[in-house]
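Coordinate inspection notes
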Amino acid sequence: MGKTTNGLERLMNSFKVYDEFDEKVYHDAHLLLHIYSDVLWGIKNSYTNIVCECKEIYGDASVAVLDVITEFGSDLKAKLLHEQLEDAEASKVIIDIINAAMLKLKTYPSKGERYHEILKTTYFSEKKYSENELLDMLKLSRSTYFRQRKKAISLFGVILWGYVLPEFISNNSVGQ
């Protein structure tokens with residue numbers, strides 16, 4: 001863990017400007033977190049619709065049926081459903097990368113667990129809490145919440161774009 005931590009600290013420092021996190025990293029990470037639950041809902045809904053449509057049209061809810069039909073047949077509906085499934089799978093990869101960044105955030109030695117809790121409660125919960133509910137749950141004053149949330153979002157962005165995503169790309173581009 002020491003090597004990873006030192007690497008993360010160097011990466012964090014490379015994203016800092018005058019002791020403040022790079023505003024672009026913060027802004028992009030904030031936007032991503034803000035739309036996360038909607039994207040997750042959309043993926044689940046899309047996948048459920050594909051499975052239901054597959055069962056209705058082909059009598060089988062197994063998505064493997066689509067692979068067979070598209071490989072050996074010329075059924076345009078099956079090809080469309082297969083493309084939609086591939087899009088849903090690509091979106092799932094993005095969700096997995098975001099979740100990996102959240103796990104890395106949690107293990108960050110300086111307030112990582114606290115930052116993880118703040119982001120999880122604020123952005124990853126199925127229930128949307130009011131500001132007062134968040135403050136009560138996290139046992140924070142309003143100013144402390146917003147200050148720590150900004151730091152958590154910035155650190156999340158650095159981990160995501162500077163560590164997890166490059167690692168994912170590196171691991172998935174070998175041999176391609």
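Sequence order sets the numbering: in each chain, residues are counted from 1 along the sequence as written. A pLDDT threshold of at least 70 governs which residues receive local features in this predicted model, and a stricter bar of 80 or more applies before side-chain atom pairs are shown or counted, although totals over entire chains, interfaces and linings include all residues. With hydrogens and water stripped out, all remaining heavy atoms of the structure feed into the side-chain values.

**Notes on the packing of aromatic side chains**
Aromatic rings from Phe, Tyr and Trp, taking only the six-membered ring of Trp, are treated as a pair when their centres fall within 6.5 Å; an angle between ring planes under 30 degrees marks them as stacked, one over 60 as edge-to-face, and anything in between as tilted. Per the counting criterion, the structure on display carries 2 aromatic pairs. Considering the side-chain rings of Y36 and F124, the 4.4 Å spacing of their centres and the 45° angle between planes classify their relative orientation as tilted. Residue Y36 is located in helix 2 (residues 23–58), and its partner F124 is located in helix 5 (residues 112–124); the two are separated by 88 residues in the primary sequence. Residues Y36 and F124 agree in their burial class; the two are buried. Centroid distance Y145 to F146: 4.9 Å. Interplanar angle 70°. Geometry classified as edge-to-face. The way it works is that DSSP assigns letters per residue, a run of H or I at least four long becomes a helix, a run of E at least two long becomes a strand, and they are numbered from the N terminus. Only protein chains enter the accessibility calculation, which uses a 1.4 Å probe; a residue whose area is less than 20% of its type maximum is buried, one above 50% is exposed, and one in between is partly exposed.

**With respect to the environment of K128**
Mapped onto the secondary structure, K128 falls in the loop between helix 5 and helix 6 (131–138). You can call K128 partly exposed: its relative accessible area is 48%. The contact criterion used throughout is that any non-hydrogen atoms of two residues lie within 4.5 Å. Setting aside residues up to four positions removed in sequence, K128 forms contacts with S37, T122, Y123 and E133.

**Notes on a negative patch on the surface**
Patch members must show over 30% relative accessible area and no salt bridge, and they are joined within 9 Å when carrying like charges or within 5 Å when they are nonpolar side chains of Val, Leu, Ile, Met, Phe, Trp or Tyr. Each accessible area is a Shrake-Rupley result for a 1.4 Å probe, and residues are judged covered by the shown protein chains and nothing else. Take a side-chain nitrogen of Lys or Arg and a carboxyl oxygen of Asp or Glu: if they are within 4 Å of each other, that pair is a salt bridge. Counting rule applied: Lys, Arg positive; Asp, Glu negative; His and chain ends not counted. To locate a charge, the coordinates of NZ of Lys, CZ of Arg, CG of Asp or CD of Glu are taken. Residues E83, E86, D87 and E89 make up a contiguous surface patch of negative charge. Note that E83 resides in helix 4 (residues 76–107). Under the relative-accessibility criterion, E83 is labelled partly exposed at 48%.

**As for the pattern of salt bridges**
Evaluation of the coordinates by the stated rule reveals 5 salt bridges. Residues D28 and K24 are paired through a salt bridge, measuring 2.8 Å at the closest nitrogen-oxygen approach. On the criterion of helical spacing, the pair formed by D28 and K24 is a turn pair, its members being 4 residues apart in helix 2. Here D28 falls in the partly exposed class, since its relative accessible area comes to 27%. Look at K24 and you get exposed, because its relative accessible area is 54%. The closest approach of N and O atoms between R114 and E117, which form a salt bridge, is 2.9 Å. One end of the pair, R114, and the other, E117, are both in helix 5, 3 residues apart, so they sit about a helical turn from each other. According to the relative accessible area criterion, E117 is partly exposed, its value standing at 34%.

**Regarding the nonpolar core**
Put simply, a nonpolar core is a bunch of buried Ala, Val, Leu, Ile, Met, Phe, Trp, Tyr and Cys residues held in one set by side-chain atoms that sit within 4.5 Å of each other. Formed by 24 residues in total, the largest nonpolar core has its most connected members in L33, L105, L119, F124, I153 and F156. Take this core: its biggest share by element is 8 residues, from helix 7 (residues 142–173). Grouped together as the second largest cluster of nonpolar side chains are 6 residues, I118, L134, L138 and L140 included.

**Topic: unusual backbone geometry**
Here the phi dihedral of K111 falls at roughly 65°; this positive angle occurs in a residue that is not glycine. Within the secondary structure, K111 is located in the loop between helix 4 and helix 5. Assessed through its relative accessible area of 45%, K111 is described here as partly exposed. Even without being a glycine, K139 presents a positive backbone phi close to 55°. Tracing the backbone shows K139 in the loop between helix 6 and helix 7.

**A look at the packing of helix 5 against helix 6**
An axis is simply a line fitted to the C-alpha atoms; with a helix, the fit covers only the stretch in contact. Between two such axes, the angle follows the N-to-C directions and lies from 0 to 180 degrees. Packing of helix 5 against helix 6 brings their axes to within 11 Å, and their N-to-C directions diverge by 150°. Between helix 5 and helix 6, the crossing angle belongs to the class labelled roughly antiparallel. You can see that helix 5 and helix 6 cross each other, and the crossing is right-handed. Taken together, the residues of helix 6 that come into contact with helix 5 (itself represented by R114, E117, I118, T121 and T122) are L134, M137 and L138. Throughout, the term roughly parallel applies to angles under 35 degrees, roughly antiparallel to angles over 145, roughly perpendicular to angles from 65 to 115, and oblique to all others. Take the far helix as the reference: if the near one is turned anticlockwise from it by less than a right angle, the crossing is left-handed, and if turned clockwise, right-handed.

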